[in-house]
Amino acid sequence: MSDTEFLQTSTGRRLAFHRTSGKGPWIVFLGGLKSDMMGTKAVFLEDWARQRGRAFLRFDYSGHGESSGTFTEGCIGDWAEDTREAVAALTNGPIVPVGSSMGGWQALLLARAEPDRVAGLVTIAAAPDFTEDGYWATFSDVQKQRLKDVGQVELPSDYMEPYVITRRMIEDGRQQLVLRDPLNLPFPVRFLQGTADTAVSVATAVRLLEHATGPDMQLRLVKDADHRFSDGPCLGLIVHAIDEVITAIL
């Protein structure tokens, strides 16, 4: 594994990244909330890309992994800025974002912001608009008041320590929503979703599929797969989806 490198962004943040040169399109892995680029899927895909001679990028959003900042300082818009700057500085030509969970939302934001760069898309348990539809919509009156008074609430997680959700994350999230306005994805798209996922529901995956428009879009449900989607068969489905997208592009 190569040493971690760092990118200084125009916003003053320092982003940790690993980049593998190769033939395009660039595969850009976008991790989930509080995840980092050392996760199973990110490292597996880098190894797979290197074996195939394909260009690959993985990085940590600010407040994640080895990048600067703390998680509670950040929000969806900050991480979208990080993503755009990493892609602009560290890749060239067409890209295929592979977004996991919150990274799926980031991939959709990137496709909207950089329509000339995104040539295809793969998501894994994509969680678009979760700050509004998953958090705010289910907060109790007590939690909403605490968010207003204290500025943050803690939420339990099935996969790691509790999430600290800030008022800024909720308020900024409302400026980043992708399921309220037209979402055109004019390239090959594969959405992957496990039926045993307790963080992102199958209903969310179906809503995304029905809302987005595009000429080549598929949702694949995997029975009993959980939110991690990182066992051997699931990893195989991810690379199969990437292969399909790239084949359709070239």
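Before going into details, it helps to say that this report is about the structure given with it. (Residues numbered from 1 in each chain as written. Predicted model: local features only at pLDDT ≥ 70, side-chain atom pairs only at ≥ 80, totals over all residues. Heavy atoms only, no water.)

### Some details on the overall build of the chain
From N to C terminus, the chain includes eight helices and 10 strands. Compactness check: the chain gives a C-alpha radius of gyration of 17 Å against a globular reference of 18 Å for 250 residues, within 12% of the reference. C-alpha atoms of the chain, sized along the principal axes, occupy 50 × 40 × 35 Å. Here the contacts in the chain between residues at least 6 apart in sequence split such that 73% fall between residues at least 24 apart. Just so you have it, the chain exposes about 10800 Å², and 49% of that area is on carbon and sulfur atoms. The centroid of the 25 positive side-chain charges in the chain is displaced by 2 Å from the centroid of its 33 negative side-chain charges. (Helix = DSSP H or I, 4+ residues; strand = E, 2+ residues; numbered from the N terminus. Rg over C-alpha atoms; globule rule 2.2 N^0.38 Å. Contact = heavy atoms within 4.5 Å. Areas by Shrake-Rupley, 256 points an atom, 1.4 Å probe, with all protein chains shown as cover. Lys, Arg positive; Asp, Glu negative; His and termini not counted. Charge placed at Lys NZ, Arg CZ, Asp CG, Glu CD.)

### Looking at the environment of Phe17
With respect to the helices and strands, Phe17 occurs in strand S2 (residues 14-20). Given the relative accessible area of 4%, Phe17 is considered buried. For the pair formed by Phe17 and Gln145, sequence separation is 128 residues and the distance between their alpha carbons is 38 Å. Look past the residues within four positions of Phe17 in its chain and what remains in contact with it is Thr4, Glu5, Phe6, Leu7, Met37, Leu57, Arg58, Phe59 and Leu90. (Buried < 20%, exposed > 50% of the residue type's maximum accessible area, 1.4 Å probe, protein only.)

### What about the packing of aromatic side chains?
Counted according to the given criterion, the structure contains seven aromatic pairs. Measuring from centroid to centroid gives 5.7 Å for Phe71 and Trp79, while their planes differ by 20 degrees, and the two rings are stacked. Comparing Phe71 with Trp79, the two get one shared label, buried. Geometrically, the ring pair formed by Tyr135 and Phe139 is stacked, given 6.3 Å between the ring centres and 5 degrees between the ring planes. Each member of the pair Tyr135 and Phe139 is classed as buried. (Phe/Tyr/Trp six-rings, centres within 6.5 Å; stacked < 30°, edge-to-face > 60°.)

### Comments concerning the sheet that holds strand S3 (residues 23-30)
Strands sit in the order S1-S2-S4-S3-S5-S6-S9-S10 across an open sheet of eight strands; the sheet is mixed. Of all the strands in the sheet, the pair left with one neighbour each is strand S1 (5-8) and strand S10 (217-222). With strand direction ignored, the average angle separating the axes of adjacent strands in the sheet is 20 degrees. Strand contacts of helix H1 (residues 40-52): S2, S3, strand S4 (54-59), strand S5 (95-100) and strand S6 (121-124), with the helix running at about 160 degrees to S4, the strand carrying the most contacts. (Pairing = 2+ DSSP bridges. Axes fitted to C-alpha atoms, helices over the stretch in contact; angles between N-to-C directions.)

### What about the side chain of Lys41?
As for its position among the elements, Lys41 is in helix H1. Despite being buried, Lys41 has no salt bridge partner; Asp226 is the closest side chain of opposite charge, sitting 7.8 Å away. Polar side-chain contacts of Lys41 include one of 2.7 Å to the backbone oxygen of Arg228. When neighbours within four sequence positions are excluded, Lys41 is seen to be in contact with Phe29, Ser100, Ile124, Arg228, Phe229, Ser230, Leu235 and Ile238. (Salt bridge = Lys/Arg side-chain N within 4 Å of Asp/Glu carboxyl O. Polar contact = N/O pair within 3.5 Å; in protein donor to acceptor, adjacent residues only side chain to side chain.)

### Brief notes about the pattern of salt bridges
In the structure shown here, the tally under the stated rule is 16 salt bridges. Close ionic contact of Asp226 with Arg228 constitutes a salt bridge, the shortest N to O distance being 3.8 Å.

### Topic: the packing of H1 against helix H8 (residues 232-249)
Where H1 contacts H8, the two axes come as close as 11 Å, and the packing angle between them is 50 degrees. The angle between the axes of H1 and H8 places the two elements in the oblique class. For the pair H1 and H8, the crossing hand works out as right-handed. Taken together, the residues of H8 that come into contact with H1 (itself represented by Thr40, Lys41, Phe44, Leu45, Trp48 and Arg52) are Leu235, Ile238, Val239, Ile242 and Asp243. In the contact of H1 with H8, the residues fall into seven nonpolar, one polar and three charged. (Parallel < 35°, antiparallel > 145°, perpendicular 65-115°, else oblique. Left-handed = near helix turned anticlockwise from the far one by under 90°. Nonpolar A, V, L, I, M, F, W, Y, C, P; charged D, E, K, R; others polar.)

### As for the packing of helix H2 (residues 76-90) against helix H3 (residues 102-113)
Running from N to C, H2 and H3 cross one another at 60 degrees; their axes reach a closest spacing of 10 Å. Classified by the angle their axes make, H2 and H3 are oblique. Crossing handedness for the pair H2 and H3: right-handed. In contact with Ile76, Trp79, Ala80, Thr83, Arg84 and Val87 of H2, H3 contributes Met102, Trp105, Gln106, Leu109, Leu110 and Ala113. Among the residues making up the contact of H2 with H3, the classes are represented as nine nonpolar, two polar and one charged.

### Brief notes about H8
Here H8 contains 18 residues, and its C-alpha end-to-end distance of 26 Å stays within 8% of the 26 Å for a straight helix at 1.5 Å per residue. Those residues of H8 not exposed but buried are Cys234, Leu235, Ile238, Val239, Ala241, Ile242, Val245 and Ile246. The buried side chains of H8 occupy one side of the element, clustering within an arc of 150 degrees when seen end-on. Within H8, the exposed residues directed more than 90 degrees away from the buried face are Gly232, Pro233 and Thr247. (Expected span 1.5 Å × (residues − 1). Arc of directions from axis to C-beta.)

### What to know about the side chain of His18
Within the element layout of this structure, His18 appears in strand S2. Reaching out from His18, the side chain makes a polar contact with the side chain of Thr4 at a distance of 3.0 Å.

The quantities given are spatial measurements derived from coordinates; they are silent on function.
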